[in-house]
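# Structural features, examined
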Amino acid sequence: MDKLMSIPELTLKCEEIRKRLLEVVYKAKAGHIGGDLSSLNVLTALYMRVMNVNPENPKMEGRDRFIMSKGHCVEALYCVLEAKGFITKELVDTYGDYLSVLAGHPTVEVPGIEFNSGALGHGLSIGVGCAIAAKMDKKPYRTFVLMGDGEQGEGSIYEAAMAGSNYKLDNLVAMIDRNGLQISDTTENVMKLESLNERWKAFGWDVYDVDGNDIEAIVNCLESIDYNNGKPHMVVLHTTKGFHVSYMENVLKWHHGVPTAEEYEKAIAEITNRIEELKKNC
């Protein structure tokens, strides 16, 4: 069994992927960079430490499943899949090119992606189906679903929430990237969500409140979950839109946007400096 990456190693890896993400979005001249950056920590933790997946055998029996319900942030997923070894740098460099297999939402043509997604509100329902299938087949794999907080206005999510509890899907982990901003405004101005924790507890879920900007907190949460307690699990990740790019943090316009040449160089310089400091601890 491969040695688990330590927290300092994971933190460094995440910053290296963050730098790559900026490169990919800048080159493609497209991307939902704000949500990419807020979800990158949890994606790194999942693929680099938590989930049982194998890039040399993407359809491995018993592998854990991941569903990117907030599919518009696919650039972050592509960069993590590259870092894990599912896809090559050369393929990721085609993102944004005509006829590239890398679309603006996840598709099953890409190794490591289990389901097409991006029609908001559907990912959790797919996850419920996966978790039920694992129970029926008596398989040990877990299913992880990442949703956006703006996505919580979709009614199908709450049908899935009821089903998850009804079928006692303790092999299902749903996560919300709670960065507080969606395409047009703050989530609380568009459609109030609070209190999310009490809402999901009322549906019968096992609820965790986590600092989604802290990889160690994410790992500690996901590795402490009781996958035999008869309840599905909800992890509310408190994140920052545009995380770790100073001029993007908590700025609404970066829900979707491409940095200028000057902005790109500033972001790369910031991340590169962090990488050099983090290397001293690894």
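Numbers given to residues run from 1 along each chain, matching the order in which its sequence is written. Reporting of local features is limited, given that this is a predicted model, to residues whose pLDDT is at least 70; pairs of side-chain atoms are given and counted only at 80 or more, and all residues count toward the totals for whole chains, interfaces and linings. In computing side-chain properties, one takes all heavy atoms of the structure into account and sets aside hydrogens as well as water.

Named according to an unreviewed UniProt entry, the protein chain is Transketolase originating from Xylanibacter rarus. UniProt positions are given in the numbering used here, feature names are shortened, and annotations may be inferred rather than shown by experiment. Of the comments in the UniProt record for the protein chain, the one headed Cofactor (unreviewed entry) reads "thiamine diphosphate". Under Sequence similarities (unreviewed entry), UniProt gives the following word-for-word description of the protein chain: "Belongs to the transketolase family."

This part is about the packing of aromatic side chains. In summary, the pairing rule links any two rings of Phe, Tyr or Trp, Trp by its six-membered ring, whose centres are within 6.5 Å, and it sorts them by plane angle into stacked for under 30 degrees, edge-to-face for over 60 and tilted for everything else. All told, the structure shown has 9 aromatic pairs when counted by the stated rule. Look at Trp200 and Phe203: their rings are 6.1 Å apart centre to centre, the planes differ by 50°, and that puts the pair in the tilted class. Using a 1.4 Å probe on the protein chains alone, a residue whose accessible area is under 20% of its type maximum counts as buried, one over 50% counts as exposed, and one in between counts as partly exposed. Of the residues examined, Trp200 reaches a relative accessible area of 0% and is grouped as buried. The structure contains a cluster of three or more aromatic residues connected by ring pairs, namely Tyr158, Trp200, Phe203 and Trp205. Geometry around Tyr26 places Lys29 over its ring, the cationic atom sitting 3.5 Å from the centre. Positioned over the ring face of Tyr141 is Arg65, at 3.8 Å from the centre of the ring. Should the NZ of a Lys or the CZ of an Arg lie within 6 Å of a ring centre and within 35 degrees of the ring normal, that charge is described as sitting over the ring.

On to the packing of helix H1 (residues 7-28) against helix H9 (residues 215-224). For any two helices packed against each other, the geometry is given by the interaxial angle and the distance between the axes. Axes here refer to lines fitted to C-alpha atoms; in helices the fit is confined to the stretch in contact. Angles between the N-to-C directions go from 0 to 180 degrees. Runs of H or I in DSSP of at least four residues are treated as helices and runs of E of at least two as strands, each being numbered from the N terminus. Two numbers describe how H1 lies on H9: the axes approach to 9 Å, and their chain directions differ by 120°. In this view, H1 runs oblique relative to H9, as classed from their interaxial angle. Every pair of crossing elements has a handedness; the one defined by H1 and H9 is right-handed. Between H1, through Ile7, Leu10, Thr11 and Cys14, and H9, the contact on the second element is made entirely by Ile215, Glu216 and Val219. Considered class by class, the residues forming the contact of H1 with H9 number 5 nonpolar, 1 polar and 1 charged. Roughly parallel refers to an angle under 35 degrees, roughly antiparallel to one over 145, roughly perpendicular to one between 65 and 115, and oblique to any angle outside these ranges. Whether a crossing is left-handed or right-handed is set by the direction in which the near helix is turned from the far one by less than a right angle, anticlockwise for left-handed and clockwise for right-handed. Any two residues whose heavy atoms approach within 4.5 Å are treated as being in contact. Just so you know the grouping, Ala, Val, Leu, Ile, Met, Phe, Trp, Tyr, Cys and Pro go in nonpolar, Asp, Glu, Lys and Arg go in charged, and all remaining residues, Gly too, go in polar.

Let us now look at the side chain of Gln152. Looking at the secondary structure, you find Gln152 in the loop between strand E2 (143-148) and helix H6 (155-166). In the analysis that follows, any N or O atom pair within 3.5 Å is treated as a polar contact, provided that within protein one partner can donate a hydrogen and the other can accept it, and provided that, for residues neighboring in sequence, both atoms belong to side chains. A distance of 3.0 Å separates a polar atom in the side chain of Gln152 from the backbone oxygen of Gly148. The contacts of Gln152, once residues within four sequence positions are left out, are Met147, Ile157, Tyr158, Ile176, Leu193, Arg199 and Trp200.

For the purposes of this section, nonpolar cores are sets of buried Ala, Val, Leu, Ile, Met, Phe, Trp, Tyr and Cys residues that join through side-chain atoms within 4.5 Å. In this structure, Leu22, Leu46, Tyr47, Phe66, Phe144, Met175 and Val235 are the most contacted members of the largest nonpolar core, which totals 65 residues. If sequence neighbours within four positions are ignored, Leu22 has contacts with Ile33, Leu37, Val245, Met248, Pro259, Tyr264, Ala267, Ile268 and Ile271. Formed by 23 residues, the second largest nonpolar core is a distinct cluster that contains Ile157, Ala174, Trp200 and Val236.

Another aspect to go through is the pattern of salt bridges. Here, a salt bridge means any Lys or Arg side-chain nitrogen found within 4 Å of an Asp or Glu carboxyl oxygen. The final tally for this structure, using the stated rule, is 20 salt bridges. Note that Arg20 and Glu23 form a salt bridge whose closest N and O atoms lie 3.7 Å from each other. Placement of the pair is Arg20 and Glu23 together in helix H1, with a separation of 3 residues, close to one helical turn. Overall, Arg20 belongs to the buried group, its relative accessible area being 10%. According to the relative accessible area criterion, Glu23 is partly exposed, its value standing at 27%. Ionic pairing is found between Arg178 and Asp149, a salt bridge with its closest N-O pair at 3.1 Å. You can see Arg178 sitting in strand E3 (residues 172-178) and its partner Asp149 sitting in the loop between E2 and H6, a full 29 residues away along the chain.

Next up on the list: the sheet that holds strand E1 (residues 65-68). Strand pairing is assigned whenever DSSP identifies at least 2 bridges connecting the two strands. Spatially, E1-E2-E3-E5-E4 is the arrangement adopted by the 5 strands of the open sheet, whose pairing is parallel. Edge positions in the sheet fall to E1 and strand E4 (206-211), since each of these pairs with one other strand and no more. Direction aside, the axes of adjacent strands within the sheet are offset by 20° on average. Where helix H5 (residues 123-137) meets the sheet, its contacts fall on E1, E2 and E3, and the angle it forms with E2 comes to roughly 170°. With respect to the sheet, H9 is in contact with E2, E3, E4 and strand E5 (233-238), its orientation differing from that of E4 by roughly 165°.

As paired elements, E4 and E5 share 6 bridges and run parallel to each other. Each bridged residue has a counterpart across the sheet, and for Asp209 the counterpart in E5 is Val236.

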